[in-house]
Amino acid sequence: MSSVKRLVYAVIHFLKEQSQMDTFTPDEQESLEVAIQCLETVFKINLEDTHLAPPQHLIEIFTNSFYKNDMLCLSDSLPEDVEKADQLKDEGNNHMKEENYGAAVDCYTRAIELDPKNAVYYCNRAAAQSKLNNYSEAIKDCESAIAIDPKYSKAYGRMGLALTSVNKYEEAVTSYQKALDLDPENDSYKSNLKIAEQKLRDMSSPTGTGLSFDMASLINNPAFISMAASLMQNPQVQQLMSGMMSNAIGGPAAGVGGLSDLSSLIHA
């Protein structure tokens, strides 16, 4: 029963993630919540039972199993095909440097057709797909690369980027953490993990919308500084500020250089 509960826990965790995605309508999200409640009731578990959590995310478990079975069905490539595939990879890399991403995808695809068991080709194609904003395809290619080589840190890192781009921050965090487990000194993974974690916190905040007001950036913005300087040179603004300062120290009552000046400024 323990293995069954672990499986159900993984399913509940997956459904919970899905219910928080903005790709579903409110009714669909509610249906997912109902499904979660039913599973929790029947199997007498909930997400607080973290000891039941499997070492891998359900998607990762499924993907690894699915693609490994696919790879077993593939025959070994001929030596000449492997050599040609490597040449196509180099051509694709050159296209990436030239920012010709469509041509790069084509080269990597042809390389995969010749040598479908090489994780590098899938990972490189994922990078090109991301540059073309084809994030779903990029994620699939990263999953294929990981299925071939589960210790390929670059595939996890690139999948994290693609997942972040489609607002799947929790999954992105998991990918970056896995990438760092395999390559602990990689500064890019560290910084991208922090970004994904912050995005996840912003999304989870009761008052957060994923947006924040950055006063420092505003003050250092040249356009804002120029606008403020021009505004302060306006005689009406100067008169208004003078009136406000007088009021603050017990000077003339509001309406003398105060509210009346504000009214005239608004209608100027």
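Since this is a predicted model, take the numbers as computed values, not measurements.

Asks: I tried to follow the overall build of the chain on my own but got confused; where do I start?
Replies: In terms of regular secondary structure, the chain is built from 14 helices and zero strands. From first element to last, N terminus to C terminus, the chain shows the α and β order α-α-α-α-α-α-α-α-α-α-α-α-α-α. Among the 268 residues that make up the chain, the fraction classed as buried is 30%. Considering only intrachain contacts with a sequence separation of at least 6, the fraction spanning at least 24 residues in the chain is 53%. When the accessible surface of the chain is summed, it comes to about 16300 Å², and 56% of that surface belongs to carbon and sulfur atoms.

Asks: Where do I start with the nonpolar core in this structure?
Replies: With 28 residues, the main nonpolar core has Ala-145, Tyr-152, Ala-155 and Met-159 as its most contacted residues. For this core, the elements supplying multiple residues, two or more each, are helix H4 (79–97), helix H5 (101–114), helix H6 (119–131), helix H7 (135–148), helix H8 (153–165), helix H9 (169–182) and helix H10 (187–204). Excluding anything up to four places from it in sequence, Ala-155 contacts Cys-123, Cys-142, Ala-145 and Ile-146. One finds Ile-12, Leu-15, Leu-32 and Ile-45 within the second-largest nonpolar core, a separate group that totals eight residues.

Asks: Help me understand the side chain of Gln-129, please; the structure alone is not making it clear to me.
Replies: By the element assignment, Gln-129 lies in helix H6. Under the relative-accessibility criterion, Gln-129 is labelled buried at 10%. Not counting chain neighbours up to four residues away, the residues in contact with Gln-129 comprise Val-105, Asn-134, Glu-137, Ala-138 and Asp-141.

Asks: Even after reading the chapter, I still don't get the pattern of salt bridges, so can you show me in this structure?
Replies: A side chain of one charge can pair with a side chain of the opposite charge when the charged atoms of the two come close. Using the criterion set out here, one finds six salt bridges in the structure. With a closest N to O distance of 3.2 Å, Lys-16 and Glu-33 form a salt bridge. Of the two residues, Lys-16 is situated in helix H1 (residues 2–19) and Glu-33 in helix H2 (residues 26–43); the sequence distance between them amounts to 17 residues. Its salt-bridge partner being Asp-106, residue Arg-110 comes within 3.5 Å of it at the nearest N-O pair. With Arg-110 and Asp-106 both in helix H5 and four residues apart, this pair spans about one turn of that helix. The partly exposed category is assigned to Arg-110, whose relative accessible area is 34%. Note on Asp-106: relative accessible area 41%, which makes it partly exposed. Put simply, Asp-86, Lys-89 and Asp-90 are held in one network by salt bridges that share partners.

Asks: What am I meant to see in H9 here?
Replies: Since one α-helical turn is 3.6 residues long, residues separated by three or four positions face the same way. For H9, with 14 residues, the first-to-last C-alpha span of 20 Å sits near the 20 Å given by 1.5 Å per residue. Looking only at H9, the buried set comprises Tyr-169, Glu-171, Ala-172, Val-173, Ser-175, Tyr-176, Ala-179 and Leu-180.

What counts, and at which threshold
Counting of residues starts from 1 at the beginning of each chain's written sequence and follows it residue by residue. Local features in this predicted model are restricted to residues whose pLDDT is 70 or higher, and side-chain atom pairs enter the listing and the counts only when it is 80 or higher, whereas totals over whole chains, interfaces and linings include all residues. For the side-chain quantities, the full set of heavy atoms in the structure was used; hydrogens and water were omitted. Helix and strand assignments come from DSSP, with helices taken as H or I runs of at least 4 residues and strands as E runs of at least 2, each series counted from the N terminus. Remark: exposure states derive from per-residue accessible area (1.4 Å probe, protein chains only) relative to the maximum for the residue type, with buried under 20%, exposed over 50%, and partly exposed in between. When checking whether two residues touch, look at their non-hydrogen atoms; a contact exists if any pair is within 4.5 Å. In these tables, accessible area is a Shrake-Rupley quantity obtained with a 1.4 Å probe, and a residue counts as shielded only by the protein chains included in the view. In these notes, a set of buried Ala, Val, Leu, Ile, Met, Phe, Trp, Tyr and Cys residues joined through side-chain atoms within 4.5 Å is what counts as a nonpolar core. Each reported salt bridge corresponds to a side-chain nitrogen of Lys or Arg within 4 Å of a carboxyl oxygen of Asp or Glu. In this analysis, the expected span of each helix is defined as 1.5 Å times one less than the number of residues it contains.

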